[in-house]
Structure formats: C-alpha cells, structure tokens
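Structural features, examined
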Amino acid sequence: AGTRTLAEAENKIRGQLADRRARALALEDAEAAYDLSYENEDLAAVAGRRASAKGLAFRSDLAADLPALVRTDERRVRQVLQNLLDNAVKYTDAGWVRFGAALRPVADADGDADARELVLTVADSGRGMDRDTLQRATEPFFSRCDAGRRVGLGLARVRRLADQHGGRLELE
C-alpha cells in the first residue's frame, strides 16, 4: 500500500509541475493578436445591457480607423476595460455611460511621424470623485464605499495592469 501511495504522490507532483510549466508558457505567449473591433463590441454590448437594466443610456464610440488586430494581452485588456465599465455603471445613478476607442498621434522615439497610440475611454455622468479620492483611487485597499462592500483593489489592479503593458490610467 505504501508503494502505491508513493507512486500516486509522484504522479500527482509530475502533473502539477506539468500544469505549472504549461501556465508559464501561456503567460509568455499571452501577447497575441487581439481582435479589437470584436472584443470592444462585445464589451460594449455587455456594458450596454447592464446600463440599460439600470435605466442608463449607453453609447459606444469606436473610431472607424481602428486597426482590426493589435498585438497585446487580450485577457488583461479585457479585464481592465471590464473593471472600468463595471465601475461606471455601478457608480452612475442616472444619466449615461460611454465607451470609446480611438487612435491618437504620439511623438515616437524613432521619429515615426505616423506613430499612434490606442486610447480606450470610459466616461460617465456619475457623481465623480473629489480631489482626495482622485489622488488615492488607485491605492490598493482604498475605497469610499461602506466597510465590507468592496476591498478597494479594482482601480489599483487596473493601474498595475496598464503599467505592466506600457499603458497608463488617467482619472478625471
């Protein structure tokens, strides 16, 4: 019985190591072609349904000149946008929520005059944030919600993910 248990434990450990290796390789290959129009339309549809259920108007402004595919970590981009859209719907009591995607010219270090960056925007007519909240909103565990409602990691996670992928989070 002892040999069988040892063999089972060894197989289990080998399986766990194989799973970890597979996950590590998946992380290395996380950056891939991201179907920008499909994913943004999908996110907009989900957020639009949530906004509508709450009696909010929802508008999606996806620029016509967006590339069909971009190279990025699809899961992380979706996670960031989903978090921002969820917050916009959640904290807007009346009015509207808007999601946008556009290209903006940027100064390129290589001198490429055609360099552009993708700008993803989530805006709403909610109550907004005071100056202190704006300054602290991306701190881990910071929240203006009543105790026990949230852990205050949403915008901290969004900022971290944006930073890790060469992006930035701007709050107004």
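Only a predicted model underlies this, so the values are computations on that prediction, with no experimental measurement involved.

The rules behind these values
Residues numbered from 1 in each chain as written. Predicted model: local features only at pLDDT ≥ 70, side-chain atom pairs only at ≥ 80, totals over all residues. Heavy atoms only, no water. Core = buried A, V, L, I, M, F, W, Y, C linked by side-chain atoms within 4.5 Å. Buried < 20%, exposed > 50% of the residue type's maximum accessible area, 1.4 Å probe, protein only. Helix = DSSP H or I, 4+ residues; strand = E, 2+ residues; numbered from the N terminus. Contact = heavy atoms within 4.5 Å. Pairing = 2+ DSSP bridges. Axes fitted to C-alpha atoms, helices over the stretch in contact; angles between N-to-C directions. Salt bridge = Lys/Arg side-chain N within 4 Å of Asp/Glu carboxyl O. Expected span 1.5 Å × (residues − 1). Parallel < 35°, antiparallel > 145°, perpendicular 65-115°, else oblique. Left-handed = near helix turned anticlockwise from the far one by under 90°. Patch = residues over 30% accessible without salt bridge, like charges linked within 9 Å, V, L, I, M, F, W, Y side chains within 5 Å. Areas by Shrake-Rupley, 256 points an atom, 1.4 Å probe, with all protein chains shown as cover. Lys, Arg positive; Asp, Glu negative; His and termini not counted. Charge placed at Lys NZ, Arg CZ, Asp CG, Glu CD.

Once that is clear, we can look at the nonpolar core. With 12 residues, the main nonpolar core is built from Tyr-34, Leu-36, Leu-43, Ala-44, Ala-47, Leu-66, Val-77, Leu-81, Leu-85, Phe-99, Ala-101 and Leu-103. Residue assignment for this core shows that the elements contributing at least two residues are helix H2 (36-53), helix H3 (74-90) and strand E4 (96-105). Ranked by residues supplied to this core, first place goes to H2 with 4 residues. Aside from chain neighbours lying at most four places away, what touches Ala-101 is Asn-40, Asp-61, Leu-62, Ala-63, Leu-66, Val-119 and Leu-120.

Attention now goes to the sheet that holds strand E5 (residues 116-124). Strand order in the open sheet formed by 3 strands is E2-E4-E5, and the pairing between neighbours is mixed. On the outer flanks of this sheet lie strand E2 (57-62) and E5, each paired with one strand and no other. This sheet shows a mean twist of 10 degrees between the axes of neighbouring strands, independent of strand direction. Note that E4 and E5 share 9 bridges and pair antiparallel. Opposite Leu-103, over in E5, you have Leu-118 as the bridge partner.

For the rest of this paragraph, the subject is the pattern of salt bridges. If you walk through the whole model with that rule in mind, you get 7 salt bridges. Note that Arg-78 and Asp-42 form a salt bridge whose closest N and O atoms lie 2.5 Å from each other. Here Arg-78 is found in helix H3, whereas its partner Asp-42 is found in helix H2, with 36 residues between them in sequence. A salt bridge links Asp-65 to Arg-116; the shortest N-O distance between them is 3.7 Å. One end of the pair, Asp-65, is in the loop between E2 and strand E3 (69-73); the other, Arg-116, is in strand E5, and 51 residues separate them in sequence. You can call Asp-65 partly exposed: its relative accessible area is 45%. Among the ionic contacts, a cluster of salt bridges with common partners joins Arg-59, Asp-61 and Arg-98.

The next thing to look at is H2. Between its first and last C-alpha, H2 extends 26 Å over 18 residues, near the 26 Å set by a 1.5 Å rise per residue. For H2, the set of buried residues is Leu-36, Glu-39, Asn-40, Leu-43, Ala-44, Val-46, Ala-47, Gly-48 and Ala-51. Once H2 ends, the next one or two residues include Gly-55, with phi positive near 85 degrees.

Moving on: the environment of Arg-157. Tracing the chain through its elements places Arg-157 in helix H5 (residues 154-164). Accessibility expressed as a relative area gives 33% for Arg-157, which makes it partly exposed. Counting along the chain gives 78 residues from Arg-157 to Gln-79, while the straight-line C-alpha distance between them is 9.4 Å.

Moving on, we get to the packing of H2 against H3. Direction vectors running N to C along H2 and H3 enclose 20 degrees, while the axes themselves pass 10 Å from each other. As far as their axial angle goes, H3 and H2 are roughly parallel. As for how H2 packs across H3, the hand of that crossing is right-handed. Across from Glu-39, Asn-40, Asp-42, Leu-43, Val-46, Ala-47, Arg-50 and Ala-51 in H2, the residues of H3 making contact are Glu-74, Arg-78, Leu-81, Gln-82, Leu-85, Asp-86 and Val-89.

The next thing to look at is a negative patch on the surface. Judged by side-chain charge, Asp-108, Asp-110, Asp-112 and Asp-114 come together as a negatively charged surface patch. With respect to the helices, strands and loops of the structure, Asp-108 is situated in the loop between E4 and E5. For Asp-108, a relative accessible area of 31% puts it in the partly exposed group.

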